[in-house]
Amino acid sequence: MLGIVRSTVASGDRFRLQTRVIAVAFIGLLTLVPLGGCSMFGGEETASLENPDPPEKMYADADALLNEGSFEDAAKKFEDLERNYPFSNDPTKPYARRSLALAAYAYYKAGMYDDAIVSGRRYTTMHAGTEDAALAHYVIGSSYYDQMQDSVRDQSYTRKAVEEYTILLQQYPQSSYAKQVGNRVRVAQDMLAASEMEVGRFYQKKGNYLAAINRFKTVVVDHQTTRHVEEALMRLTECYLALGILPEAQTAAAILGHNFPNSAWYKDAYALLANTGLQPHENTESDLSKAWNAAIQTTENTNPT
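Quick caveat: nothing in here was measured; it's all calculated off a predicted structure. (Residues numbered from 1 in each chain as written. Predicted model: local features only at pLDDT ≥ 70, side-chain atom pairs only at ≥ 80, totals over all residues. Heavy atoms only, no water.)

**Q** Lay out the overall build of the protein chain in plain terms, naming residues and giving numbers.
**A** Across its full length, the protein chain holds 15 helices and zero strands. Counting the 305 residues in the protein chain, one finds 38% classified as buried. (Helix = DSSP H or I, 4+ residues; strand = E, 2+ residues; numbered from the N terminus. Buried < 20%, exposed > 50% of the residue type's maximum accessible area, 1.4 Å probe, protein only.)

**Q** Describe the environment of Met58, and please don't skip the residues or the numbers.
**A** Within the fold, Met58 resides in helix H3 (residues 55-67). Residue Met58 is classed as buried on the basis of its relative accessible area of 6%. In sequence terms Met58 and Lys77 are 19 residues apart; their C-alpha atoms lie 7.0 Å from each other. Once residues lying within four places of it in the same chain are set aside, the contact partners of Met58 are Pro52, Asp53, Lys77, Asp80, Leu81, Asn84 and Tyr85. (Contact = heavy atoms within 4.5 Å.)

**Q** Break down helix H7 (residues 133-145) for me, citing the residues and quoting the values.
**A** In a regular helix each residue adds 1.5 Å, so 13 residues correspond to 18 Å; H7 covers 18 Å between its end C-alpha atoms and thus fits that length. By the criterion of burial, H7 is predominantly enclosed, with 13 of the 13 residues buried. (Expected span 1.5 Å × (residues − 1).)

**Q** Account for the packing of aromatic side chains, naming residues and giving values.
**A** On inspection of all chains with the given rule, the structure shows eight aromatic pairs. Members of the aromatic cluster, joined through ring pairs, are Tyr59, Phe78 and Tyr95. (Phe/Tyr/Trp six-rings, centres within 6.5 Å; stacked < 30°, edge-to-face > 60°.)

**Q** Could you give me a rundown of the nonpolar core, with the residues and numbers involved?
**A** Ranked by size, the top nonpolar core spans 43 residues in total, and within it Ala74, Phe78, Tyr123, Val139, Tyr165, Leu168 and Val181 carry the most contacts. Of all elements in the fold, only H3, helix H4 (71-84), helix H5 (93-109), helix H6 (113-126), H7, helix H8 (156-171) and helix H10 (182-205) reach the threshold of two or more residues within this core. The contacts of Val139, once residues within four sequence positions are left out, are Ala104, Tyr105, Tyr108 and Ala116. Residues Leu236, Cys239, Tyr266 and Leu273 belong to the second largest nonpolar core, which totals 26 residues. (Core = buried A, V, L, I, M, F, W, Y, C linked by side-chain atoms within 4.5 Å.)

**Q** Describe the side chain of His223, naming the residues involved and giving the relevant values.
**A** With respect to the secondary-structure elements, His223 resides in the loop between helix H11 (209-222) and helix H12 (229-243). Using a relative accessible area of 8% as the deciding quantity, one classes His223 as buried.

**Q** Can you break down the side chain of Thr124 residue by residue, with the values?
**A** When you line up the elements, Thr124 lands in helix H6. In this structure the side chain of Thr124 is engaged in a polar contact, spanning 3.1 Å, whose partner is the backbone oxygen of Arg121. Ignoring anything within four residues of it in the chain, the contact list for Thr124 reads Ala133, Ala136, His137 and Ile140. (Polar contact = N/O pair within 3.5 Å; in protein donor to acceptor, adjacent residues only side chain to side chain.)

**Q** Talk me through a nonpolar patch on the surface; I want residue IDs and the actual numbers.
**A** Taken together, Leu210, Leu243 and Ile245 make up a surface patch of nonpolar side chains, about 250 Å² in accessible area. Tracing the backbone through its elements, the reader meets Ile245 in the loop between H12 and helix H13 (246-259). Among the residues examined, Ile245 registers a relative accessible area of 34% and is labelled partly exposed. (Patch = residues over 30% accessible without salt bridge, like charges linked within 9 Å, V, L, I, M, F, W, Y side chains within 5 Å. Areas by Shrake-Rupley, 256 points an atom, 1.4 Å probe, with all protein chains shown as cover. Salt bridge = Lys/Arg side-chain N within 4 Å of Asp/Glu carboxyl O.)

**Q** Go over the environment of Val118 with me, naming the residues and quoting the values.
**A** Mapped onto the elements of the fold, Val118 is located in helix H6. For Val118, a relative accessible area of 52% puts it in the exposed group. Separated by eleven residues in sequence, Val118 and Tyr107 place their C-alpha atoms 9.9 Å apart.

**Q** Any chance you could break down the pattern of salt bridges for me, citing the residues and the numbers?
**A** Oppositely charged side chains may form a pair once their charged atoms are brought near each other. Scanning the entire structure with this criterion turns up 14 salt bridges. In this structure, the salt-bridge partner of Asp53 is Lys57, at a minimum N-O distance of 3.8 Å. Residue Asp53 is classed as partly exposed on the basis of its relative accessible area of 31%. Accessibility expressed as a relative area gives 41% for Lys57, which makes it partly exposed.

**Q** Explain H8 to me, using residue names and the numbers behind them.
**A** Given a rise of 1.5 Å per residue, 16 residues ought to cover 22 Å, and the 23 Å separating the end C-alpha atoms of H8 matches this to within 8%. Where H8 is concerned, the buried positions are Thr158, Ala161, Val162, Glu164, Tyr165, Leu168 and Leu169. In this structure, the buried residues of H8 make contact with H6, H7, helix H9 (176-180) and H10.

**Q** How would you summarise the environment of Leu241 if you had to cite specific residues and measurements?
**A** As for its position among the elements, Leu241 is in helix H12. Once the C-alpha coordinates of Leu241 and Thr276 are considered, the two residues, 35 residues apart in sequence, prove to be 9.1 Å apart. When near neighbours in sequence (up to four residues on either side) are disregarded, Leu241 contacts Leu246, Ala249, Leu272, Leu273, Thr276 and Leu278.

**Q** Mind laying out the packing of H8 against H10, listing which residues take part and the relevant values?
**A** Helices that pack against each other are described as a pair by the angle of their axes relative to one another and the distance between those axes. The geometry of H8 relative to H10 is characterised by a closest axis approach of 10 Å and an angle of 145° between their N-to-C directions. Crossing hand, H8 versus H10: left-handed. Residues Thr158, Arg159, Val162, Tyr165 and Leu169 of H8 pack against Arg184, Val185, Ala188, Gln189, Met191, Leu192 and Glu196 of H10. Partitioning the contact of H8 with H10 into residue classes produces seven nonpolar, two polar and three charged. (Axes fitted to C-alpha atoms, helices over the stretch in contact; angles between N-to-C directions. Left-handed = near helix turned anticlockwise from the far one by under 90°. Nonpolar A, V, L, I, M, F, W, Y, C, P; charged D, E, K, R; others polar.)

**Q** Kindly report on the packing of H7 against H8, identifying the contributing residues and their values.
**A** In contact at an axis separation of 7 Å, H7 and H8 are set at 160° when each is read in the N-to-C sense. It follows from the interaxial angle that H7 and H8 lie roughly antiparallel. Considering the relative orientation of H7 and H8, their crossing is left-handed. Across from Ala134, His137, Tyr138, Ile140, Gly141, Ser142, Tyr144 and Tyr145 in H7, the residues of H8 making contact are Tyr157, Lys160, Ala161, Glu164, Tyr165, Ile167, Leu168 and Gln171. Grouping the amino acids of the contact of H7 with H8 by side-chain chemistry returns ten nonpolar, four polar and two charged. (Parallel < 35°, antiparallel > 145°, perpendicular 65-115°, else oblique.)

These figures come from the coordinates and say nothing about function on their own.
See below:
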């Protein structure tokens, strides 16, 4: 019996001794980790963030990377500057704030559109109305624009590009970036109109005239500066005639003839009405006439020069 007790005590002593050895070894390992310069816990990255270069040097380094075409590296360097020097003291404000806009631009140049949009959106949210806000909107819009797809595919990127460019044109019309996007807006609008026409023609062929009318009216009202508006007015004439809504058919043809008198589409619309004993006549109280004239006023006030 005494032998069993002694054996049990000895086993307990050995267990406690092993536990102490393991604890000491673990503490020693933790002590050595920072001395190694890097570790599985990211010691090297943490150290670099704890001792950043002055903002002037970080900005100069990032700008040099940008100029030499190392766009992703430049973007990360600009982001490091913005993280390490938040907007708490005046001397770093210009560097930190502008670095966020330039990070977005660098990501865009690298083709990293999602990162460009995120950085650009952060800037427009935090610094709306500042000097580089126009650049940020330009980057966001261009990131969407460069991902646009043809008219038979999804137009989400196209719509977002138009929305962002429109903000740029309306809020920062005198900026150099606004002057660069006028033609891009026209291309994007044309793409949206082409997509609506594709769907509208599909519905018309299926005999779903109301759905077709909605698509063609979208072109006439929202995209009337595009090359598709003439056909859209002709298709509206056809669809309204098919439904027996004669005043709207006459109005669509009249708008087409008034604005595009030499158009082949107008000749077709005129002949179509003539075959039913009608002529183009704009009913100014019709929904189409009101929508068309309201859209003209909006276009005249906002259309980029």
